[in-house]
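Letter by letter, the chains look like this.
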Amino acid sequence: MVNYLHNLRRRRRKQLAQQYAAKAPADQRLAVIGLGRFGSSLADELTRRGWDVLGIDTDAGLVQKHGDGLAHAAVADCTDPEVLRQLGVHEFTSTVVAIGSDIEASILVTSNLLEAEVPNIWAKAVSRQHGQILERLGAHHVVLPEYEMGERVAHLVTGRMLDFIEFDDDYALVKTVAPELATGMPLGRSQVRSKYGVTVVGVKRPGQAFTYATAETVIEQGDVLVVTGKTHAVEAFADLG
């Protein structure tokens, strides 16, 4: 009976992989391994954007809960390289390892995907140490959603920023209310770039849409600015108001 169930699951995984491979173009197919809060949210958003998503988890309850909204879903243990092969994940151009609570499983799955030469692997990490291990393995992109969200919220609650996004090389993009010292004159005359080391790229006046900023743009009190520059510089600029 055990062998029968095992063979049945193998056949089902093979059928799933064949159906999935035949349905969508390669650049619009993606596998999400791990359907917890992060993985299911990611899978749902990609599906909403028109991607064909294969959701995979060892927990049948999670697959049942989230599978109806996805193109395909499977109950499977991707720490087994053979399972990945049967599901056809090695043929995907992109895969997301959204496993967080089981670090060992996260590392094993990422390693299996690298062995299968999946060209674009995104892996979730739950700590900096976890992220470093994934990077050393060779994961192409490592994200720390909890840490990054905590850092972002810290910037929002401690200053006048309305939004904050940090990029590589210590650069950030922020949305903030225009400080008084920058209002009432064109941006070129206020010398925001030379004085504060930031660039105003967009302006939103109350009740109007965002517009691109130029040297001739006059900033008014209450305007919301989109500003970019070194993280410390945009932080300091946002605190001027």
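The preceding data block contains the structure.
Residues numbered from 1 in each chain as written. Predicted model: local features only at pLDDT ≥ 70, side-chain atom pairs only at ≥ 80, totals over all residues. Heavy atoms only, no water.

**Quick word on the nonpolar core**
Okay, step 1: Ranked by size, the top nonpolar core spans 25 residues in total, and within it Ile33, Ile56, Leu87, Val89, Val97, Val109 and Leu113 carry the most contacts.
Okay, step 2: Of all hydrophobic cores here, the second largest spans 19 residues; its members include Phe164, Val200, Ala233 and Val234. (Core = buried A, V, L, I, M, F, W, Y, C linked by side-chain atoms within 4.5 Å. Buried < 20%, exposed > 50% of the residue type's maximum accessible area, 1.4 Å probe, protein only.)

**Here's the deal with the layout of surface pockets**
Okay, step 1: In this structure, the largest pocket encloses a volume near 600 Å³.
Okay, step 2: Lining the largest pocket are 17 residues, and of these Leu144, Tyr147, Glu148, Glu151 and Glu166 lie nearest its centre.
Okay, step 3: Of all the elements in the fold, those that place two or more residues in the lining of the largest pocket are α6 (128–137), α7 (145–158) and β7 (161–167).
Okay, step 4: The element best represented in the lining of the largest pocket is α7, accounting for six residues.
Okay, step 5: Considering only residue class, the lining of the largest pocket consists of eight nonpolar, two polar and seven charged.
Okay, step 6: In this structure, the second largest pocket occupies an estimated 440 Å³ of space.
Okay, step 7: Contributing to the lining of the second largest pocket are 25 residues, with Gly36, Ala98, Ile99, Gly100 and Ser101 lying nearest its centre.
Okay, step 8: Of all elements in the fold, only α2 (37–48), β2 (52–57) and α5 (103–115) reach the threshold of two or more residues within the lining of the second largest pocket.
Okay, step 9: Here the lining of the second largest pocket is built from residues that sort into twelve nonpolar, six polar and seven charged. (1 Å grid on protein atoms, 1.4 Å probe; cavity = no way out; pocket = protein on both sides within 12 Å on 5 of 7 lines; lining within 4 Å. Points joined across faces, edges and corners; volume = space filled by probe spheres on them. Helix = DSSP H or I, 4+ residues; strand = E, 2+ residues; numbered from the N terminus. Nonpolar A, V, L, I, M, F, W, Y, C, P; charged D, E, K, R; others polar.)

**Some details on the sheet that holds strand β4 (residues 95–97)**
The strands making up a sheet associate through hydrogen bonds between their backbones, and the pairing can be parallel or antiparallel.
Okay, step 1: Reading across from one edge, β3-β2-β1-β4-β5-β6 is the order of the six strands in this open sheet, with parallel pairing throughout. Strand pairing shows two members of the sheet lacking a second neighbour, β3 (72–75) and β6 (141–143), which therefore form its edges. Along the sheet, successive strands turn relative to each other by an average axial angle of 15°, direction set aside.
Okay, step 2: Bridge count between strand β1 (residues 29–33) and β4: three bridges; the pairing is parallel. Looking across to β4, one finds that Val32 is bridged to Val96. (Pairing = 2+ DSSP bridges. Axes fitted to C-alpha atoms, helices over the stretch in contact; angles between N-to-C directions.)

**Focus on the sheet that holds strand β11 (residues 224–230)**
Okay, step 1: Judged by pairing direction, the sheet is antiparallel, and its five strands sit side by side in the order β7-β8-β11-β9-β10 without closing on themselves. What marks the edges here is a single partner per strand, and that holds for β7 and β10 (210–212). Strand-to-strand twist of the sheet, defined as the mean angle between neighbouring strand axes without regard to direction, takes the value 25°.
Okay, step 2: As defined by bridge partners, strand β9 (residues 198–204) adjoins β11 across six bridges and the pair is classed as antiparallel.

**Observations concerning α5**
Okay, step 1: For α5, with 13 residues, the first-to-last C-alpha span of 18 Å sits near the 18 Å given by 1.5 Å per residue.
Okay, step 2: Every buried residue of α5 is listed here: Ala105, Ser106, Val109, Thr110, Asn112 and Leu113. With its buried residues spanning 160° around the axis, α5 presents them on a single face. Of the exposed residues in α5, the ones pointing more than 90 degrees away from its buried face are Glu104 and Glu115.
Okay, step 3: At its buried positions, α5 is contacted by β1, α4 (81–87), β4, β5 (121–124) and α6.
Okay, step 4: Immediately beyond the C-terminal end of α5, within one or two residues, lies Glu117, with a positive phi of roughly 60°. (Expected span 1.5 Å × (residues − 1). Arc of directions from axis to C-beta. Contact = heavy atoms within 4.5 Å.)

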